[in-house]
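Coordinate inspection notes
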2 protein chains.
Amino acid sequence: MTPVPGRPVRGSRSGRPIMALLDLLGRRWCLRVLWELREAPGSFRSLQSRCDEVSPSVLNTRLAELRAARLLEVSEEGYRLTAEGRALGERLLQLSSWAEGWAVGLESAQAPAAGAEPGAVRRRRSPLKAGPANGG
Amino acid sequence: MTPVPGRPVRGSRSGRPIMALLDLLGRRWCLRVLWELREAPGSFRSLQSRCDEVSPSVLNTRLAELRAARLLEVSEEGYRLTAEGRALGERLLQLSSWAEGWAVGLESAQAPAAGAEPGAVRRRRSPLKAGPANGG
DNA sequence: CTCCATTGCTACTGAAAACGTAGCGCAACG
DNA sequence: CGTTGCGCTACGTTTTCAGTAGCAATGGAG
């Protein structure tokens, strides 16, 4: 089921646009497909190959969802982003530049923060300062 | 296993930063947790509640991964984004504004593109125009 | 001081999603 | 016509997520 704004989606009962988007983008391979299509349209097998041989069944499911969400359309070249999809893709580009800085920061830290590192949130009986009211 | 730049991650053999990021963000609930933390820090149960009662086991896994990636840290208020994490969160904000436009576009289209709609990529024996060389 | 409510998770099971493979049917090339 | 390559689909297996119960630590109330 493709998450779209206005309908309840995983993570939201209200169907807020950003919630629908987070749900869709949070599916395995979705961001990667968008990323690849941002660079160039492609056929099914081309996309499969560019996504490191993702399984055809999952790729097909993701393509159908992206199409249902009108981020992607079928053309003579195979699959390409719609205008909306391209606009989204431009915003993904900014993630790339962020990621370069991230990688540098991780390198200087030498390793990912170890899971065994002390520092888990202490148990407490009183609630910590409340966050904002529930979104959704 | 937390995807980090420099190591092979799902979707990439080279460990390119953007690939590690796409892998991490493409996990269920990851974007949503980042989105909620962008707004305000929170305790475990607060985050759980703000993420529409996500299961504690998955939330715990996601928090650990985000922490290993140094996007999140433990503080007196519970969990909060690191400086890097906040920078990423700002970029997520831009997705929100995009999503508002998306929702409008979908409304005027009246329904998500039906899966049963004709227009799947036609079979062909010759490859379509090739996309770029494999990324990853 | 004791009791007990609340917290941060963990353990565990079943459901859903992803993975991986084989192969069908169509298109088109030789 | 036979063969090759394409876009998927079907199906079984593995992994991840969803959901629940509950433990141990914390600390507020009496």
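Before any of the text, the structure's been laid out above.
These remarks concern the structure in this document. Keep in mind the model is a prediction, meaning the values are calculated, not measured.

**Section: the protein's contact with DNA strand C**
Close to DNA strand C lie 28 residues; R123 and R124 of chain A together with N60, Y79 and R125 of chain B are nearest. Counting only the atoms of DNA strand C that lie within 4 Å of the protein, the sugar and phosphate share comes to 58%. Within the backbone of V121 of chain A, an N or O atom sits 3.1 Å from a sugar or linking oxygen of DNA strand C. In the model, a base nitrogen of DNA strand C is placed 2.7 Å from a nitrogen or oxygen of the R123 of chain B side chain. Elements with a contribution of two residues or more to the surface near DNA strand C: α4 (56–68) of chain A together with α3 (44–50) and α4 (56–68) of chain B. If you tally residues by element for the surface near DNA strand C, the top one is α4 of chain A, at four residues. Considered class by class, the residues forming the surface near DNA strand C number nine nonpolar, six polar and 13 charged.

**Details of the protein's contact with DNA strand D**
If you check the shell around DNA strand D, you find 30 residues, and the closest are N60, Y79 and R125 of chain A together with W29 and R125 of chain B. R45 of chain A places a polar side-chain atom, nitrogen or oxygen, 3.0 Å from a base nitrogen of DNA strand D. Contact between DNA strand D and R28 of chain B: a phosphate oxygen at 3.3 Å from a main-chain N or O atom of the residue. Looking at which element gives the most residues to the surface near DNA strand D, the answer is α4 of chain B, with four residues. Taken together, the residues of the surface near DNA strand D break down into nine nonpolar, six polar and 15 charged.

**Considering the packing of aromatic side chains**
Residues and elements named next belong to chain A. Counting across every chain of the model gives two aromatic pairs over all chains. Judged by centre distance (5.3 Å) and plane angle (25°), the rings of W98 and W102 are stacked. Residue W98 and its partner W102 are located together in helix α5 (residues 83–109), separated by four residues, close to a single helical turn. Judged on exposure class, the residue W98 and its partner W102 are both buried. One cation-aromatic arrangement involves R38 over W35; the distance from NZ or CZ to the ring centre is 4.5 Å.

Conventions used here
- Residues numbered from 1 in each chain as written.
- Chains lettered and ligands numbered in written order.
- Predicted model: local features only at pLDDT ≥ 70, side-chain atom pairs only at ≥ 80, totals over all residues.
- Heavy atoms only, no water.
- Near = heavy atom within 4 Å.
- Polar contact = N/O pair within 3.5 Å; in protein donor to acceptor, adjacent residues only side chain to side chain.
- Helix = DSSP H or I, 4+ residues; strand = E, 2+ residues; numbered from the N terminus.
- Nonpolar A, V, L, I, M, F, W, Y, C, P; charged D, E, K, R; others polar.
- Phe/Tyr/Trp six-rings, centres within 6.5 Å; stacked < 30°, edge-to-face > 60°.
- Buried < 20%, exposed > 50% of the residue type's maximum accessible area, 1.4 Å probe, protein only.
- Lys NZ or Arg CZ within 6 Å of the ring centre and 35° of its normal.

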